[in-house]
Amino acid sequence: MVTAIRQLRGWVSFSLEGAEIGRVLSDAAHSELMVWRVAKRGGVVQGRCYAREYHRLARLARKRHCRTRVVKRHGAPFVLNRYRWRWGVVAGAVIVVAASLILSNFVWSVEVNGNVNVTTKEILQVAKENGLTEGALKAGIDYNDIEYQLKKQFNKFAWISINENGTHITIEVSELNPKPDILKFTDPCDVVAKYDGVIQSVEPYRGKAVVKPNDFVRKGSILVSGVVEDAFEKTHYYHATAEVIAQVEHTLTLEQPFDASVTIKTGEVQKRNYLTIFGLRIPLFIGGVEGEYDTSDSYSWLSLFGKELPFGITERTFTMKQTDHLTLDEAGAKRLLTEQVQQKEAEEFADCKILAREYNFTTTETGVTLSADYTVEQDIAEQQQIYLSQQPEENPTESE
Amino acid sequence: MGKQKKHKHAVVDKINRALDLSPDLLLGGITVEVISGRQAVVEGIKNILEYDDNVVRVNDNKTEVRLVGTGLSLRCMTPENIVIDGVIHSVEYQEMQPDRG
């Protein structure tokens, strides 16, 4: 501590020569001059004192017919004096301090924690639309409003909290557990038809079947009832379940104009870098990308002590594509339609057995329409809850 | 020393011994504390008469103290106290003669 104070004030090493050195030291002590480390070195008495007090010491020495001389100067005043013309250092220090003070009023980074099904990108997009983004002025951000907007927009959050930690903003969310789409095992329900069709087989696991094979059923009609009356005319309510296979007809319709535009990727990929500062993107290249393309961005942020800073490099990837204008003939249009319908068929009827298919092409002036008729066998059972005014009795096990 | 002063000294001495007090309490004067023969704290001085790396002489109104050693340096000083570093061989007390002139 004493050393630090001496360095701040500045001190000098001096030499003292003469006959009455002791008297000089005594006078210095009586004049309350701080002198320390007085020792004889190389036949000469040397000591130390504060720089500002040296002149008084020299005067006292002269009175006693002694000579003093400064040997070396130490401390901050001498260092600062050496660099007094380097005003750039001072200016730089002032700029850094001012910049730190000013920049600390802005948002440097935004982080999202706790989200599972809702993506970070979606949350940040909504936050950005409401004023919370890198580079935004902290004073102008209404966190309560943003929390409200996020809840309103997604309707999936149990709670949202936005925390400000210096220049780093954290959006903490907790998602609601979604209500499952199934009926509770104790809820009474019927099994109804998903589509119109002709019943092929009925296998009720619980409840009473009200249709039999070869019956034609309409969409929504009851196939297996959850309401059963016993021999004593007492009504029981079941959670009906069944597998009901029926023959169902479906139609897929597709259109293909003769003048078609087909966009395909050329395989060429170009990359361009941007310097991103507080959300502002500065291109690090000359000239743009010509042609049609899809873009995707990847970000590399600078980080300090594990925290991301709002400075970094954005790499934009341009995937080039090309649109060809084709004029198809009838055969070509039909061929295209056939490919498309086969693709769609594999998606739509993945869990069905296709019994028959028929393609009907209709040609007009502008193009070709395909109407594909299918006869498939599929499970058309669907549960539908029975709503009662009173709580039903719980009925345990078997179907009748 | 005058008769009156001698008498005063004798009385003070007696009181000191009777009450078992430290001498400097009533008599005052220079106090020298030597620590491990390497450092001496000298209190109650008025002047530094001589400084050299082998001898340091100090005094107050009545007494002169002479510290003899090697490599003596004055670590720090105040108007009444000094701290001396170095190898201290001996400490000599000498009562100063009053000036009759």
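All figures in this text were calculated on a predicted structure; none of them were measured in a lab.

Draft legend 1. Broad picture of the packing of aromatic side chains. Residue and element names in this part refer to chain A. Taken as a whole and assessed by the stated rule, the structure comprises nine aromatic pairs over all chains. Between tryptophan 108 and phenylalanine 311, the ring centres sit 5.5 Å apart and the planes meet at 65°, which makes this aromatic pair edge-to-face. Residue tryptophan 108 is found in the loop between α5 (87-103) and β5 (109-113), and its partner phenylalanine 311 is found in strand β19 (residues 307-327); the two are separated by 203 residues along the sequence. A centroid spacing of 5.3 Å and a plane angle of 90° characterise the contact between tyrosine 274 and phenylalanine 285, whose relative ring orientation is edge-to-face. With tyrosine 274 in strand β16 (residues 259-277) and phenylalanine 285 in the loop between β17 (280-283) and β18 (292-304), this pair connects stretches of sequence that are eleven residues apart. An aromatic cluster of at least three residues, connected via ring pairs, comprises Trp11, Trp36 and Tyr50. One residue, arginine 6, lies across the ring of tryptophan 36, its end atom 3.9 Å from the ring centre. Above the plane of the ring of tyrosine 274 lies arginine 281, whose end atom (NZ or CZ) is 5.7 Å from the centre.

Draft legend 2. Structural context of the confidence of the model for chain B. Overall, the predicted model of chain B reaches an average pLDDT of 83, with 77% of residues at or above 70. Reported confidence for the predicted complex is 0.76 by ipTM and 0.42 by pTM.

Draft legend 3. View of the UniProt feature "transmembrane region" (unreviewed entry) in chain A. Look at the UniProt record and you will see "transmembrane region" (unreviewed entry) annotated at residues 87-108 of chain A. Measuring from the first to the last C-alpha atom of residues 87-108 of chain A gives 31 Å, for a span that is 77% helix and 0% strand.

Draft legend 4. Geometry of a positive patch on the surface. Residues and elements named next belong to chain A. Side chains of Arg56, Arg59, Arg62 and Lys63 sit close together on the surface and give a patch of like positive charge. With respect to the helices and strands, lysine 63 occurs in helix α3 (residues 54-63). On the basis of relative accessible area, lysine 63 is assigned to the exposed category, the value being 63%.

Draft legend 5. The arrangement of the packing of helix α2 (residues 21-30) of chain A against α3 of chain A in detail. Residue and element names in this part refer to chain A. Their axes nearest at 9 Å, the elements α2 and α3 cross at an angle of 135°. Relative to α3, the element α2 is oriented oblique. Like other packed secondary-structure pairs, α2 and α3 cross with a definite hand, here right-handed. Contacts between α2 and α3 involve Val24, Asp27 and Ala28 on the former and, on the latter, Leu57, Leu60 and Ala61. Considering only residue class, the contact of α2 with α3 consists of five nonpolar, no polar and one charged.

Draft legend 6. Just the pattern of salt bridges, in detail. Residues and elements named next belong to chain A. Summed over all chains, the structure comprises 17 salt bridges over all chains. Put simply, arginine 281 and aspartate 297 hold a salt bridge, and the shortest N to O gap is 3.7 Å. Of this pair, arginine 281 sits in strand β17 while aspartate 297 sits in strand β18, and the two are 16 residues apart along the sequence. For arginine 281, a relative accessible area of 35% corresponds to the partly exposed category. Residue classification places aspartate 297 among the partly exposed positions, given a relative accessible area of 29%. The salt bridge partner of aspartate 294 is lysine 321, with a shortest N-O separation of 2.9 Å. Pair noted here: aspartate 294 is in strand β18 and lysine 321 is in strand β19, with a separation of 27 residues, a long-range link. Judged by relative accessible area, which is 23%, lysine 321 ranks as partly exposed. Each of the salt bridges in this network shares a partner with another, and the network as a whole consists of Glu20, Asp27 and Arg64.

Draft legend 7. Looking closely at the sheet that holds β5 of chain A. Residues and elements named next belong to chain A. As summarised here, the arrangement of the three strands in space is β5-β7-β6, forming an open sheet in which the pairing is mixed. The sheet is open, and its two edges are formed by β5 and β6 (157-165), each paired on a single side. On average, adjacent strands in this sheet sit at an angle of 15° to one another, irrespective of strand direction. The sheet contact formed by β5 and strand β7 (residues 168-175) spans five bridges and is parallel. By the bridge assignment, glutamate 111 is partnered in β7 with threonine 170. The sheet strands contacting helix α6 (residues 120-129) are β5, β6 and β7, and the helix crosses β5 at an angle near 130°.

About the thresholds
- Residues numbered from 1 in each chain as written.
- Chains lettered and ligands numbered in written order.
- Predicted model: local features only at pLDDT ≥ 70, side-chain atom pairs only at ≥ 80, totals over all residues.
- Heavy atoms only, no water.
- Phe/Tyr/Trp six-rings, centres within 6.5 Å; stacked < 30°, edge-to-face > 60°.
- Helix = DSSP H or I, 4+ residues; strand = E, 2+ residues; numbered from the N terminus.
- Lys NZ or Arg CZ within 6 Å of the ring centre and 35° of its normal.
- pLDDT = per-residue confidence, 0-100.
- UniProt positions renumbered as here; feature names shortened; annotations may be inferred.
- Patch = residues over 30% accessible without salt bridge, like charges linked within 9 Å, V, L, I, M, F, W, Y side chains within 5 Å.
- Areas by Shrake-Rupley, 256 points an atom, 1.4 Å probe, with all protein chains shown as cover.
- Salt bridge = Lys/Arg side-chain N within 4 Å of Asp/Glu carboxyl O.
- Lys, Arg positive; Asp, Glu negative; His and termini not counted.
- Charge placed at Lys NZ, Arg CZ, Asp CG, Glu CD.
- Buried < 20%, exposed > 50% of the residue type's maximum accessible area, 1.4 Å probe, protein only.
- Axes fitted to C-alpha atoms, helices over the stretch in contact; angles between N-to-C directions.
- Parallel < 35°, antiparallel > 145°, perpendicular 65-115°, else oblique.
- Left-handed = near helix turned anticlockwise from the far one by under 90°.
- Contact = heavy atoms within 4.5 Å.
- Nonpolar A, V, L, I, M, F, W, Y, C, P; charged D, E, K, R; others polar.
- Pairing = 2+ DSSP bridges.

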